[in-house]
Amino acid sequence: MKVPTSRFGVIEIGPADVLNFPEGVPAFEQLREFFLHPIPDNPAFIWLQAIADPDVAFLLVDPFLFFPGYEVEIPEGLQQELKIKEAADVLVLAVVTVPDGDVQRMTANLVAPVIINRAARLGRQYVMEGTKYTTRHPLFRDKG
């Protein structure tokens, strides 16, 4: 399947690349199918690209690389919803914001991680309640 994107041109993906988000993503509930598009030479980041809308893509980061003490407890109901059977199948990513295009000021939303079951190809952005995390954790500390 060829998917047009505004950032990457036309991308060829297979059926196994399609991730289904049954509830969509907050503010984009109408979009249910996405795929992960890696960034060459930068394994810490990856794009989550909507299949039905070439303009919708979310920059995601492996939060554990930047925040080693980060913890996400996936409730039993969400594990069932995403058909999670093995911890090894779970991918936890955080949505990144790049204020005014300044990569030095990038932040990660640790309150609402994107949980993906790679085996079942199901995903959901899960908003954790009662957490110490915020929606804007700086990825890079100011060296000044």
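Parameters and conventions
Residues numbered from 1 in each chain as written. Predicted model: local features only at pLDDT ≥ 70, side-chain atom pairs only at ≥ 80, totals over all residues. Heavy atoms only, no water. Helix = DSSP H or I, 4+ residues; strand = E, 2+ residues; numbered from the N terminus. Rg over C-alpha atoms; globule rule 2.2 N^0.38 Å. Buried < 20%, exposed > 50% of the residue type's maximum accessible area, 1.4 Å probe, protein only. Contact = heavy atoms within 4.5 Å. Lys, Arg positive; Asp, Glu negative; His and termini not counted. Charge placed at Lys NZ, Arg CZ, Asp CG, Glu CD. Phe/Tyr/Trp six-rings, centres within 6.5 Å; stacked < 30°, edge-to-face > 60°.

### Things to note about the overall build of the protein chain
Within the protein chain, the secondary structure is distributed over two helices and 10 strands. When the helices and strands of the protein chain are placed in sequence order, the string is β-β-β-β-β-β-α-α-β-β-β-β. What you see for the protein chain is a C-alpha radius of gyration of 15 Å, in line with the 15 Å of a compact globule of 144 residues. In terms of overall dimensions, the protein chain has C-alpha extents of about 45 × 40 × 30 Å along its principal axes. Here the protein chain holds 144 residues, and 42% of them are scored as buried. Within the protein chain, contacts between residues at least 6 apart in sequence are counted, and of these 52% link residues at least 24 apart. Taken together, the 13 basic and 19 acidic charged side chains of the protein chain have centroids lying 1 Å from each other.

### Considering the side chain of Gln 125
Its location among the elements puts Gln 125 in strand 9 (residues 122–125). Residue Gln 125 is classed as buried on the basis of its relative accessible area, which comes to 12%. Every residue in contact with Gln 125, bar those within four places of it in the chain, is listed here: Phe 21, Val 25, Pro 26, Val 95, Asn 109, Ala 112, Pro 113 and Val 114.

### Concerning the packing of aromatic side chains
Inspection of every chain in the model, using the stated rule, returns eight aromatic pairs. With a centroid separation of 5.4 Å and 75 degrees between ring planes, the pair formed by Phe 28 and Phe 58 is classed as edge-to-face. A residue pair is termed long-range when its members are at least 10 positions apart, and Phe 28 in the loop between strand 3 (19–20) and strand 4 (33–38) and Phe 58 in strand 6 (residues 57–61) qualify at 30 residues. Relative to Phe 140, the ring of Phe 66 lies with its centre 5.9 Å away and its plane at 85 degrees, an arrangement referred to as edge-to-face.

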